[in-house]
Amino acid sequence: MPEVTYLRPRDVADAARLYREHPTCRPLAGGTDVMVMLHAGALRPAPSALLDLWPLGELKGIRRVNGALEIGAAEPYTGIIRSALVREHLPALVAAAQTIGAAQIQNRGTLGGNLANASPAGDTLPVLLAYDATVVTDRRTISVSDFFTGYRKTALQPAELIVAVRFPLDGRTVRFRKVGTRAAQAISKVVMAVSREPARIAVGSVAEVPLRARDAEAALTRGDVAGAVAAITADIRPIDDVRSTAAYRRAVAQNVLRELLDASSRR
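Residues numbered from 1 in each chain as written. Predicted model: local features only at pLDDT ≥ 70, side-chain atom pairs only at ≥ 80, totals over all residues. Heavy atoms only, no water.

Asker: Whenever I open this one, the overall build of the protein confuses me. Can you help?
Answerer: Counting its secondary structure elements, the protein contains 11 helices and 14 strands. The C-alpha extent of the protein, read off along each of the three principal axes, is 55 × 45 × 30 Å. Residues counted as buried form 52% of the 267 residues belonging to the protein. For the protein, contacts bridging at least 24 residues in sequence account for 58% of all contacts bridging at least 6. In the structure as shown, the protein presents an accessible area of about 12,200 Å², 50% of it carried by carbon and sulfur atoms. (Helix = DSSP H or I, 4+ residues; strand = E, 2+ residues; numbered from the N terminus. Buried < 20%, exposed > 50% of the residue type's maximum accessible area, 1.4 Å probe, protein only. Contact = heavy atoms within 4.5 Å. Areas by Shrake-Rupley, 256 points an atom, 1.4 Å probe, with all protein chains shown as cover.)

Take a look at the structure:
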């Protein structure tokens, strides 16, 4: 692993200052993605320093804020899974967090890291889209729908830090499903989160970014379930890769959407 400078800020304000002073550094929370890529030499450009956010209490915790539920960017998945507030109001997020790696990864992986990494296969990201979550940074708020701008690219400005993720508490029911090679510890082939009211159909591993299936959502808004299932193939842009084929992903996306909509109609 190449030598890098280690930066340990006192608080979020200090972290923001250090990030401005070291613009080529890499923020580090749980490190479950960054450390693997760093050891593999896969970070391009290579960071000059690591900005350790993990000890900052300001970036952790789960709380109600002005009628919303806010989760700190560095709150680990284990905390999300165990939270009574999240289990009550955001059960689909709990379901997604439970699919991420083994217990060791859940103890260190974070929601903010999943967002910043911006992998098209990020398991929590369709859930955030289905809940209309908002990314809170040290400067502003960004709708998750506007957050992903390209393959592993985000709307974050230079030296901008994710502080929290905020979810509206509007009573919507979101259902989650992940399809992978194995039942656990697998990168998703298709991952989906669906709400009927309001109509939200969010999908991952089927394009260069996690996305909302807008045509399928429009059909669902009209009450046309069959039309939504048909439309999703035009909303997504899957590719052939080592995990699956584009044709398989299209078929699975339709089948999973049909199953989730059928389940939501029976509740």
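Asker: When you look at the packing of helix α10 (residues 225–235) against helix α11 (residues 246–265) in this model, what are you seeing that I'm missing?
Answerer: Each pair of packed helices can be summarised by the angle the axes make with each other and by the distance between the axes. Two elements in contact, α10 and α11, have axes whose closest approach is 8 Å; the angle formed by their N-to-C orientations is 155 degrees. What the angle tells us is that α10 and α11 run roughly antiparallel. Handedness of the α10/α11 crossing: right-handed. The residues of α11 that touch α10, namely those facing V225, A228, V229, A230, I232 and T233, are R250, A253, Q254, L257, R258 and L261. For the contact of α10 with α11, a count of residues per class yields eight nonpolar, two polar and two charged. (Axes fitted to C-alpha atoms, helices over the stretch in contact; angles between N-to-C directions. Parallel < 35°, antiparallel > 145°, perpendicular 65-115°, else oblique. Left-handed = near helix turned anticlockwise from the far one by under 90°. Nonpolar A, V, L, I, M, F, W, Y, C, P; charged D, E, K, R; others polar.)

Asker: What is the right way to read the sheet that holds strand β10 (residues 162–168) from this model?
Answerer: Backbone-to-backbone hydrogen bonds join strands into a sheet, with any given pair of strands oriented parallel or antiparallel. An order of β4-β5-β10-β6-β7 is seen for the five strands of this open sheet, with the pairing classed as antiparallel. One side of each edge strand has no neighbouring strand; the edge strands of this open sheet are β4 (62–65) and β7 (141–143). Neighbour-to-neighbour, the strand axes of the sheet open up by a mean angle of 30 degrees, direction not taken into account. Pairing geometry for strand β6 (residues 134–137) and β7, over three bridges, is antiparallel. Bridge pairing in β7 places V136 opposite T141. (Pairing = 2+ DSSP bridges.)

Asker: Whenever I open this one, the pattern of salt bridges confuses me. Can you help?
Answerer: For side chains of opposite charge, pairing can occur when their charged atoms come near one another. All chains considered together, the criterion is met by 16 salt bridges. Ionic pairing is found between R200 and D132, a salt bridge with its closest N-O pair at 3.0 Å. With R200 in strand β13 (residues 200–204) and D132 in the loop between α8 (125–130) and β6, this pair connects stretches of sequence that are 68 residues apart. Overall, D132 belongs to the partly exposed group, its relative accessible area being 22%. (Salt bridge = Lys/Arg side-chain N within 4 Å of Asp/Glu carboxyl O.)

Asker: Sorry if this is basic, but what is going on with unusual backbone geometry here?
Answerer: Peptide bonds are, in most cases, trans, and in most cases residues other than glycine have a negative phi. Note that the residue after E197, namely P198, is joined by a cis bond; omega there is -5 degrees. In this structure, P198 sits in the loop between β12 (188–195) and β13. Although it is not a glycine, A118 adopts a positive phi angle of roughly 55 degrees. Note that A118 resides in the loop between α7 (111–117) and α8.

Asker: Hey, could you run me through the sheet that holds strand β1 (residues 5–7) in this one?
Answerer: On the basis of which strands lie adjacent, the open sheet formed by three strands has the order β1-β3-β2 and parallel pairing. Each edge of the open sheet carries a strand with a single partner, namely β1 and β2 (26–28). On average, each strand axis in the sheet is tilted by 25 degrees relative to the strand beside it, whichever way the strands run. In this structure, β1 lies alongside strand β3 (residues 49–52), joined through three bridges in parallel fashion. Pairing of Y6 across the sheet is with L50, part of β3.

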